[in-house]
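Single-letter residue listing:
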Amino acid sequence: MPRRTARANARKSAMRAAVEHVFARQKGPMALFIRTIGIARARTKIGLANLLYNMQRMVWLAAQTAPT
C-alpha cells in the first residue's frame with residue numbers, strides 16, 4: 001500500500017474509532033432504538049440521548065480529574 005494511502009487510512013480510522021464508541025455506548029447500555037413516527041420525534045429522541053451521553057461523560061471526566 002502506498003505511504004500516502006496508509007496515512008489517509010490512519011486518519012480516517014482514528015476518526016471512526018472516536019465516533020463509533022459514542023454510537024456503541026448509546027445503542028448498548030442506553031438502549032437507544034429509534035421507532036418513532038415523524039422525523040421531529042426521532043431528532044428529539046436522538047438529541048436527548050446525545051445530551052445524556054455528554055452529561056455522563058462530563059461526570060466521568062470530572063471524577064477522573066478530582067484530587068484524591
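Residues numbered from 1 in each chain as written. Predicted model: local features only at pLDDT ≥ 70, side-chain atom pairs only at ≥ 80, totals over all residues. Heavy atoms only, no water.

Asks: Where do I start with the packing of helix α1 (residues 3-27) against helix α2 (residues 39-65) in this structure?
Replies: Helix packing for two helices is described by the angle between their axes and how far apart those axes are. At a closest axis distance of 11 Å, the pairing of α1 and α2 adopts a crossing angle of 105°. Considering their axes alone, α1 and α2 lie roughly perpendicular with respect to each other. Where α1 approaches α2, its residues Val 22, Arg 25 and Gln 26 are matched on the opposing element by Ala 49, Asn 50, Tyr 53 and Gln 56. Per-class residue counts for the contact of α1 with α2 are 3 nonpolar, 3 polar and 1 charged. (Axes fitted to C-alpha atoms, helices over the stretch in contact; angles between N-to-C directions. Helix = DSSP H or I, 4+ residues; strand = E, 2+ residues; numbered from the N terminus. Parallel < 35°, antiparallel > 145°, perpendicular 65-115°, else oblique. Contact = heavy atoms within 4.5 Å. Nonpolar A, V, L, I, M, F, W, Y, C, P; charged D, E, K, R; others polar.)

Asks: Which parts of the structure should I look at to understand the side chain of Gln 26?
Replies: With respect to the helices, strands and loops of the structure, Gln 26 is situated in helix α1. Ignoring any residue separated from it by four or fewer positions in sequence, one finds Gln 26 in contact with Ala 31, Leu 32, Ala 49, Asn 50 and Tyr 53.

Asks: Is there a simple way to think about α2 in this case?
Replies: One turn of an α-helix holds 3.6 residues; hence residues three or four places apart share an orientation. The end-to-end C-alpha distance of α2, which contains 27 residues, comes to 39 Å, matching closely the 39 Å that a straight helix rising 1.5 Å per residue would cover. What α2 keeps buried is the set Ala 42, Ala 49 and Tyr 53. Of the surrounding elements, those touching the buried residues of α2 are α1. (Expected span 1.5 Å × (residues − 1). Buried < 20%, exposed > 50% of the residue type's maximum accessible area, 1.4 Å probe, protein only.)

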